[in-house]
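One letter stands for each residue in the lines below.
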Amino acid sequence: MKKLSFLFAQLFFVGLIFSQDLKYYLPDSVSYDPSIPKPKDIIYHEVGEWHVTHDRLVNYMKVIATAAPQRVKLETMGLTYESRPQVLLIITSPKNHQRLEEIRQQHIKLVDPSQSASVNIENMPVVVYIGHSIHGNESSGTNAALVSAYYLAAAQGKQIDELLENVVILFDPSFNPDGLQRFSTWANQHKSKNLVSDPNSREFNEVWPGGRFNHYWFDLNRDWLPAVHIESQNRLTWYHKWKPNILTDHHEQGSNATFFFQPGVPSRVNPLTPDKNQDLTGKLGKFHAKFLDRIGSLYFTKENYDDFYYGKGSTYPDVNGAIGILFEQASSRGHLQLTANGLLSFPATIKNQFVTTLSTLEGAKVLRKEFLEYQRDFYKLAANRAAAYPVKGYVFGDKNDLAKTFHFAEMLKRHQIEINELPDNWSDAGFEKESAYMVSLNQPQHSLIRAIFEKTYDYKDSLFYDITAWTMPLAFGIPYAELTGAIALGNKVESLKTPKAGIIGGRSNYAYLIKWDELYAPAALNELLNAGLVAKVATNSFETGVSGGNKKFSYGTILIPVTMQDNDTETVFAKVSGVTEKYRLKTYAVASGNVNSGSDLGSNRFVTIAKPSIAMITGPGVNATDAGEVWHLLDQRMNMTATHLEPTIFNRAELNKYNTLILVGGNYPDINKEKLKAWVQAGGTLIVTEEAVSWASQNGISEVKFKKAKTAVDSTKNLSYVDRSQIEGSQQIQGAIFGADVDLAHPLAYGYNQKTVSLFKANKVFMEKSKNPFATPFYYGSKPLQSGWVSKENSEAIKNSAAVIVNTVGNGRVINIADNPNFRAFWLGGSKLFMNAIFFGRLIDAASGRTEE
């Protein structure tokens, strides 16, 4: 009987641990306003009992704002791709709420060197942005937001009053609503009444692509700088509206870890980050340590994580005069998991996240003036940094691709960077006043501008948590130049104007010509093909007469012959005019097929284009972010559809409905390889990127040979055990930029105007050049590195290797792209290569892709 009672007591105790009410989380020395609803009153379960879904999370935030209007104001920043609201709570004292706009304006003045000296910070509140769970399946942060919101709205007494009087809190309960919803559904639907802790259980092993990503399978924690996605754009609007002094970024790490808070690895701090930033990060860290010690939680700092890439939530503030703080909690992934440290419960992970929210706010209150002074000095000293730096500004712009130029300028303005027109006396023929802009480095965002434009070659460390280079003009594929000496600026650009569009020459009874240089030309072509129009591509350059005189047209120009269409001339004009306006293109009407030089419009050098029918293999083994980049490119930018085929579906599907198949980086063990090869031999175009290039070659689908990097370890020497991770880690290619030489006459290079195209490499796929001299249209020369870190051994392997190889397989083509032309959706310089593979891959001459023995 005693044993039975003991067992019952043990089970009751376990139940208490793993299904907690608020008392488990909240400080017991604080009283709470009974009129403020507790989370369970609204979400129908205790915090940590289930994973909160995004709809219930938002409902609770709305209720909190309604119940405590004197402390809490709710704003909707915008909607995600799946139309979920991104909400932001502004939490501060009733007194501060009465003058909230005044406080905000003070913070804006604090970052303006022309006004900051006049700002009195003696009683000025510090602004802290508390952000949760940008990775949807790292949900302890978002679930902790329920506790934090309740505490900040309901706590009573001198301590909370003093905190709210000195701090304005921008409270973002979910950085990634779509990912959170996906993951919470998974974790909850696999929860047992009797919690299963075995890590092998389905609850802890999500199906592909998992809840980490947003709708398009992107890692939003890499998007703060490029700001491609709507979630990032919505968030950045509010970030710059307030200019916070601190931003916290609550994450999770491997289940066998403990808890991490910054500072990170000292040698991996971006050199543009001031030393004072790390000093304040360390001071704030003392508060985290104190609060975690109080509850007995283990933690570590200055290991594993770094502050190098400015596109992450914990580093973006560092280049904006603020302090970014990364928190990494060991993940339970479900509700209770057995780890190397014992049983890890979901409530325990939530508690650590909540406690470090409190430690951040306490540190912000105590160090308030230091944070405010640091932010003021960061921007005030921008002029000194500009004076000491030899480069005084940049000019950028692509006269052949106004859309990419527009998006680049749009990105700069999103980060509060001032841009100017070219002055009237501008004389550099490489940039034209109508299609280029200038950026002076003598402005408050000096450091951020350098982070965007600079090339980097020198590093203190050879290990990196993320990419080592992201030089944005190279990524966008737009020409740019450094400006030294005194520079004259044109008018300040207050608002960007979309590129001019229209059919030059009006309606034609003969033909229209669309230049392929523009980013959105593929979208226009696809729409015309879907509308049933016949389109041809020029495989030769030519010059012909258009309205206003003669004009040269390059390889890849799209020809729409009017008399070959099933529609009358007015309908053809309406369709061509419609896509021209929609995609902001310049289209030219021509009255004759007889050209001044090159191929006449009736020549067989103009080849009819087939409408793409695209499928992409997705699912287990496939790199989800690579697949998401293709999906985003086609769906969001090009308005094109692509079928997503799981391997099991591929194996039983009729493939003759597709003329293009895409395999991105990853591994494909479950695909019927013979079926895939037969489809290519029958005339299909197979596009493979990164690791899929190796997979296709190993399985006899393509004919690519590879180079191997030499080993970095001298086997004749005895090395220290502790050096192994450093040596092996230094041989990884985390991400660097390489310039590929290009054959501009090749169909895969149509639309490019520069002989060098910047590609992003984050793998060890080193293709040997084909023995067929026409099969390697993109290749790396003897000095390909443009920006970033790569080991000596890997550098040697990349030199004189192939970036792109075309194989002829039967009647089909395999297009092997060693790197990622669509990296994180901001690598617009590679988009043309990828779209050319889709539209023109099947037009590549068979002999140019055959392997020569």
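Residues numbered from 1 in each chain as written. Predicted model: local features only at pLDDT ≥ 70, side-chain atom pairs only at ≥ 80, totals over all residues. Heavy atoms only, no water.

Points about the overall build of the protein chain
Of regular secondary structure, the protein chain possesses 25 helices and 33 strands. Relative to its length of 853 residues, the protein chain is compact, with a C-alpha radius of gyration of 29 Å against a globular reference of 29 Å. Taken along its principal axes, the extent of the C-alpha atoms in the protein chain is 95 × 70 × 65 Å. Within the span of the protein chain, comprising 853 residues, buried residues form 60% of the whole. Taking all contacts inside the protein chain whose residues are at least 6 apart in sequence as the whole, residues at least 24 apart take part in 79%. For the protein chain, the exposed area adds up to about 33,200 Å²; of that, 49% sits on carbon and sulfur atoms. Treating the 88 positive side-chain charges of the protein chain as one cloud and the 85 negative ones as another, the clouds have centres 1 Å apart. (Helix = DSSP H or I, 4+ residues; strand = E, 2+ residues; numbered from the N terminus. Rg over C-alpha atoms; globule rule 2.2 N^0.38 Å. Buried < 20%, exposed > 50% of the residue type's maximum accessible area, 1.4 Å probe, protein only. Contact = heavy atoms within 4.5 Å. Areas by Shrake-Rupley, 256 points an atom, 1.4 Å probe, with all protein chains shown as cover. Lys, Arg positive; Asp, Glu negative; His and termini not counted. Charge placed at Lys NZ, Arg CZ, Asp CG, Glu CD.)

A word on helix H21 (residues 673-681)
Those residues of H21 that fall on the buried side of the exposure criterion are Leu-676, Trp-679 and Val-680. What you see down the axis of H21 is that its buried residues fit within an arc of 100°, all on one side. Against helix H20 (647-652), strand S27 (660-663), strand S28 (685-689), helix H22 (691-698), strand S32 (802-809) and strand S33 (812-817) lie the buried residues of H21. N-capping of H21 is provided by Asn-672, with a side-chain oxygen placed 3.3 Å from the backbone N of Glu-674. Just downstream of H21, Gly-683 is the residue with a positive phi angle, here 125°. (Arc of directions from axis to C-beta. Polar contact = N/O pair within 3.5 Å; in protein donor to acceptor, adjacent residues only side chain to side chain.)

Observations concerning the packing of aromatic side chains
A complete count under the given rule lists 47 aromatic pairs for this structure. Ring geometry for Tyr-32 against Tyr-151: centres 6.2 Å apart, planes inclined by 65°, an arrangement best described as edge-to-face. Placement of Tyr-32 in strand S1 (residues 31-32) and of Tyr-151 in helix H6 (residues 140-154) is noted, with a sequence separation of 119 residues between them. One aromatic cluster in this structure is built from Tyr-394, Phe-396, Phe-408, Tyr-437, Phe-453, Phe-476 and Tyr-480. Across the ring face of Trp-224, the terminal group of Arg-235 is positioned such that the distance to the ring centre comes to 4.5 Å. For the cation-ring pair, Arg-294 lies above Phe-291, with the distance from its terminal atom to the ring centre recorded as 4.5 Å. (Phe/Tyr/Trp six-rings, centres within 6.5 Å; stacked < 30°, edge-to-face > 60°. Lys NZ or Arg CZ within 6 Å of the ring centre and 35° of its normal.)

Brief notes about the pairing of S28
With five of five residues buried, S28 is to be regarded as a mostly interior element. Side chains of S28 alternate between two faces, with Thr-685, Ile-687 and Thr-689 and Leu-686 and Val-688 buried alike. Relative to S28, S27 runs parallel, the two being bridged by four bridges. Directly across from Leu-663, in S28, lies its bridge partner Val-688. For the crossover that starts at S27, traverses H21 and ends in the parallel S28, the hand is right-handed. Sheet topology places S28 next to S33; five bridges connect them, and they run parallel. (Pairing = 2+ DSSP bridges. Right-handed = clockwise from strand over helix to strand, strands pointing away.)

A few points about unusual backbone geometry
The residue after Trp-208, namely Pro-209, is reached through a cis peptide bond having omega 0°. Within the secondary structure, Pro-209 sits in the loop between helix H8 (177-189) and helix H9 (230-242). Cis geometry is found at the peptide bond from Gln-262 to Pro-263, where omega equals 20°. Despite not being glycine, Tyr-44 has its phi angle at roughly 75°, a positive value. Positive phi values are uncommon outside glycine, yet Asn-304 reaches one of about 70°. By the element assignment, Asn-304 lies in the loop between helix H10 (275-295) and strand S9 (323-330).

Some thoughts on the packing of helix H17 (residues 521-530) against helix H25 (residues 831-840)
Packing of H17 against H25 leaves a shortest axis separation of 11 Å and a crossing angle of 20°. Here H17 is positioned roughly parallel relative to H25, judged by the angle of their axes. The handedness of the crossing between H17 and H25 is left-handed. Seen from H17, the contacting residues are Pro-522, Leu-525, Asn-526 and Leu-529; seen from H25, they are Lys-832, Met-835 and Phe-839. Partitioned by chemical class, the residues of the contact of H17 with H25 number five nonpolar, one polar and one charged. (Axes fitted to C-alpha atoms, helices over the stretch in contact; angles between N-to-C directions. Parallel < 35°, antiparallel > 145°, perpendicular 65-115°, else oblique. Left-handed = near helix turned anticlockwise from the far one by under 90°. Nonpolar A, V, L, I, M, F, W, Y, C, P; charged D, E, K, R; others polar.)

As for the confidence of the model for the protein chain
The predicted model of the protein chain has a mean per-residue pLDDT of 94, with 95% of residues at 70 or higher. Confidence drops under pLDDT 50 across residues 1-16; counting only partners more than four residues distant or on other chains, this segment forms zero contacts. (pLDDT = per-residue confidence, 0-100.)

Describing the sheet that holds strand S25 (residues 614-617)
The sheet built from nine strands is open, its strands ordered S26-S25-S27-S28-S33-S32-S31-S29-S30 with mixed pairing. Each of the sheet's edge strands pairs with one partner strand only, and the pair in question is strand S26 (643-645) and strand S30 (756-761). If you compare each strand with its neighbour and ignore which way they point, the axes differ by 25° on average. Bridge count for strand S29 (residues 736-742) against S30 is six bridges, and the pairing is antiparallel. For Ala-740, the partnering residue across the bridge sits in S30 and is Val-757. Sitting on the sheet, helix H19 (residues 624-637) is in contact with S25, S26 and S27, with an inclination near 160° to S25.

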